[in-house]
Amino acid sequence: MKRETLSTGTPWEPVVGYSRAVRVGQFIFVSGTTATAPDGKIVGIGDPYAQAIQALKNIEAALLKLGASLNDVVRTRMYATNIDQWEQVGKAHGEFFKDIRPATSMVEVSRLISPEILVEIEADAVIDEESFSARFSPGPKGD
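Just so it is clear, the structure is predicted and the values come from calculations on it, not from any experiment.

So, how was this worked out
- Per chain, residues are indexed from 1 in the order of the written sequence.
- Residue-level local features of this predicted model are given only where pLDDT is at least 70; pairs of side-chain atoms are given and counted only at 80 or more, and the full residue set underlies all totals for whole chains, interfaces and linings.
- The side-chain numbers reported here are obtained from all heavy atoms of the structure, hydrogens and water having been left aside.
- Numbering goes from the N terminus for both helices and strands, where a helix is a DSSP run of H or I of at least four residues and a strand is a run of E of at least two.
- One requirement defines pairing of two strands: DSSP has to find at least two bridges between them.
- Between N-to-C directions, angles cover 0 to 180 degrees, with each direction set by a line fitted to C-alpha atoms, over the stretch in contact for helices.
- Any pair of residues with heavy atoms lying within 4.5 Å of one another is described as a contacting pair.
- Nonpolar core, defined: a set of buried Ala, Val, Leu, Ile, Met, Phe, Trp, Tyr and Cys residues in which side-chain atoms within 4.5 Å join the residues together.
- Here the term buried applies to any residue with accessible area under 20% of the maximum for its type, exposed to any over 50%, and partly exposed to those in between, with areas from a 1.4 Å probe on protein chains only.
- Patch criteria: residues need more than 30% relative accessible area and no salt bridge. Like-charged residues are merged within 9 Å; nonpolar side chains of Val, Leu, Ile, Met, Phe, Trp and Tyr are merged within 5 Å.
- Using a 1.4 Å probe, accessible areas were evaluated by the Shrake-Rupley method; residue-level cover was limited to the displayed protein chains.
- A pair is scored as a salt bridge if a Lys or Arg side-chain nitrogen falls within 4 Å of a carboxyl oxygen belonging to Asp or Glu.

A.B. asks: Describe unusual backbone geometry, with residues and values.
C.D. replies: The phi dihedral of R101 falls on the positive side, at around 55 degrees, and the residue is not glycine. With respect to the helices, strands and loops of the structure, R101 is situated in the loop between α3 (86-97) and β5 (103-108).

Set out below in structure tokens:
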């Protein structure tokens with residue numbers, strides 16, 4: 001099965017040796033994603049809600065580049081450096097997934113890769129079989 005990787009050029013990807021997302025067939029796995037803007041700066045310093053919003057926008061962008069959307073997400077994992085701020089992180093998640101309702105978890109971690117980062121989110125998606133088949137099955141054979 002074909003394996004496709006997506007890099008977004010963050011400074012950590014080559015150092016750690018990972019991809020923003022990996023697609024294998026119908027499955028897409030989005031790595032822990034933070035509130036990093038395209039210019040590499042952290043969005044929403046000190047604001048877990050703003051950071052969760054940006055992380056989710058980054059996840060959505062990665063999914064779109066690999067042929068999926070938020071509607072295909074079946075599981076998310078949220079990591080927060082202060083679980084007392086769970087409602088702010090959860091509110092952002094709910095705004096993106098209120099009708100999709102993937103399986104999820106939220107846990108507190110002692111810290112993330114940079115002290116300014118308060119939230120990191122992972123996502124797993126499965127592209128529905130009909131959509132997958134329509135997009136990736138071979139076309140009709142010529143005469």
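A.B. asks: Explain the sheet that holds β5 to me, using residue names and the numbers behind them.
C.D. replies: Spatially, the six strands line up as an open sheet ordered β1-β2-β3-β6-β4-β5, and their pairing is mixed. Strands with a single pairing partner mark the edges of an open sheet, and in this sheet they are β1 (3-6) and β5. Going across the sheet, the axis of each strand differs from the next one's by a mean of 10 degrees, ignoring polarity. Most of the contacts of helix α2 (residues 48-65) go to strand β6 (residues 119-126), to which it runs at about 30 degrees, and overall it touches β1, β2 (21-24), β3 (27-33), β4 (73-80) and β6. Its contacts with the sheet place α3 against β4, β5 and β6, and it is angled at close to 160 degrees to β4.

A.B. asks: Mind laying out the nonpolar core, listing which residues take part and the relevant values?
C.D. replies: Membership of the largest hydrophobic core comes to 26 residues, with the highest contact counts inside it found for I28, L63 and I121. Listed by contribution, the elements that provide at least two residues to this core are β3, α2, β4, α3 and β6. Broken down by element, this core gets its largest block of residues, seven residues, from α2.

A.B. asks: How would you sum up a nonpolar patch on the surface? Please name residues and give values.
C.D. replies: Taken together, the side chains of V15, V16 and I113 make up a nonpolar region of the molecular surface, amounting to roughly 310 Å² of accessible area. When you line up the elements, V15 lands in helix α1 (residues 12-16).

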